[in-house]
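Residue-level listing of the chains:
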Amino acid sequence: MYKTYIFDLDGTLLNTIDDLTASTNYALQTYGMPTWSTHDVLRFVGNGIRKLIERAVPDGEQHPMFEEVFRCFRTHYAEHNMDHTCPYEGIPELLRILKERNCRLAVVSNKFHDATQELCRHFFPDTIDVAIGENEAEGIRKKPAPDTVLEALRQLRVGKEDAVYVGDSDVDIQTARNSGMPCISVLWGFRDQEFLLAHGATTFIETPEELLNL
C-alpha cells in the first residue's frame, strides 16, 4: 500500500479536453487561423499550454502572431476552464477513500500554476493537499523534469520511498522515471494502452477503483 500519491491532472483526475479545445480554437479564430477538432487537440496536449499552442498555430512559434495567440488563449482559458471540465467518474470517491486511509495526495501538472491550483481548490477542496503547476519563472521546470514532483514531496514533507505517480501520458511515464518513482498509467485519459506501452508503461488501471487494490 502506497502512502503518498502524486497525480497528473488533465486526463487523470479531470477531463479538461473540451475547455482546452474551446480556448485553443477561440484564440486561433481571433487571429484568423484554422481551428482543430477535439481529437486533434488531444494529440497536442501533455507538454504544457505553450507547446499546445505551438502545435496548434501554423508554423508554431515562428508565426509572427504566435505570442498574441498564446496570450489570447491564456486569458480565455483562465475565464472558461470550468465551463465543461469535470472529474472522471469515480475520482472524487477514490480521493476520499485515500484520504480516509491517511494517504498524502498531490497534483503536479504542466498546466500553468494558477489554473492548476484553482481547479484543485474547486473540484477537490478536501482531498488534494498540494497542487503544483508549471512555474518555470520560479525555477521549477515542467514535466518530464522531476521538479514539480520533488516540490510536491517537499511541501507534503514526505520522501518518495512510499510514493507512486499516477498519470495518463508518456510525459507522466518519463516524469515518474526521472523522479525515481513507480508509475501507474490510467486508461481513461488522453492516451490509449498501445501508445503507453510503446512509451514504457508497465502498470495499468482501467477504473479509479483499481488503484485501491494495488
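Structure's up top.
Note that the coordinates shown come from a computational prediction; the quantities given were computed from them, not determined experimentally.

Moving on to the packing of aromatic side chains. Considering all chains together, one arrives at seven aromatic pairs under this definition. Centroid distance Tyr 77 to Phe 112: 6.3 Å. Interplanar angle 75°. Geometry classified as edge-to-face. Of this pair, Tyr 77 sits in helix H4 (residues 66-80) while Phe 112 sits in strand S4 (residues 104-112), placing them 35 residues apart in sequence. According to the relative accessible area criterion, Tyr 77 is buried, its value standing at 0%.

Turning our attention to the nonpolar core. When a protein is soluble and globular, its nonpolar side chains tend to lie buried together. By size, the foremost hydrophobic cluster in this structure holds 49 residues, and its most contacted members are Tyr 5, Phe 7, Leu 13, Leu 98, Phe 124 and Leu 211. Look past the residues within four positions of Phe 124 in its chain and what remains in contact with it is Leu 9, Leu 13, Leu 14, Pro 87, Ile 91, Leu 95 and Leu 119. Ranked by size, the runner-up nonpolar core spans 18 residues in total, among them Ile 132, Ala 152, Tyr 165 and Ile 173.

Bringing unusual backbone geometry into the picture now. Leaving glycine aside, a negative phi is the common case for residues, and trans is the common case for peptide bonds. Here the residue pair Lys 143 and Pro 144 is connected by a cis peptide bond, since its omega of 15° sits within 30 degrees of zero. Along the chain, Pro 144 falls in the loop between strand S5 (130-134) and helix H7 (147-156). Positive phi, normally seen in glycine, also occurs at Asn 102, with a value near 65°. Mapped onto the elements of the fold, Asn 102 is located in the loop between helix H5 (91-100) and S4. Taking relative accessible area as the criterion, Asn 102 reaches 67% and is therefore assigned exposed.

Going through the model one piece at a time under the given rule, you end up with twelve salt bridges. For Asp 10, the salt bridge identified is with Lys 111, shortest N-O distance 2.9 Å. Pair noted here: Asp 10 is in the loop between strand S1 (4-7) and strand S2 (14-15) and Lys 111 is in strand S4, with a separation of 101 residues, a long-range link. Residues Asp 10 and Lys 111 agree in their burial class; the two are buried. Among the salt bridges present, the one from Arg 104 reaches Asp 129, with a minimum N-O distance of 3.5 Å. Of the two residues, Arg 104 sits in strand S4 while Asp 129 sits in the loop between helix H6 (113-123) and S5, which places them 25 residues apart along the sequence. Here Asp 129 falls in the partly exposed class, since its relative accessible area comes to 33%. A single salt-bridge network, built from bridges that share partners, covers Asp 8, Lys 143 and Asp 172.

Cut-offs applied
- Residues numbered from 1 in each chain as written.
- Predicted model: local features only at pLDDT ≥ 70, side-chain atom pairs only at ≥ 80, totals over all residues.
- Heavy atoms only, no water.
- Phe/Tyr/Trp six-rings, centres within 6.5 Å; stacked < 30°, edge-to-face > 60°.
- Helix = DSSP H or I, 4+ residues; strand = E, 2+ residues; numbered from the N terminus.
- Buried < 20%, exposed > 50% of the residue type's maximum accessible area, 1.4 Å probe, protein only.
- Core = buried A, V, L, I, M, F, W, Y, C linked by side-chain atoms within 4.5 Å.
- Contact = heavy atoms within 4.5 Å.
- Salt bridge = Lys/Arg side-chain N within 4 Å of Asp/Glu carboxyl O.

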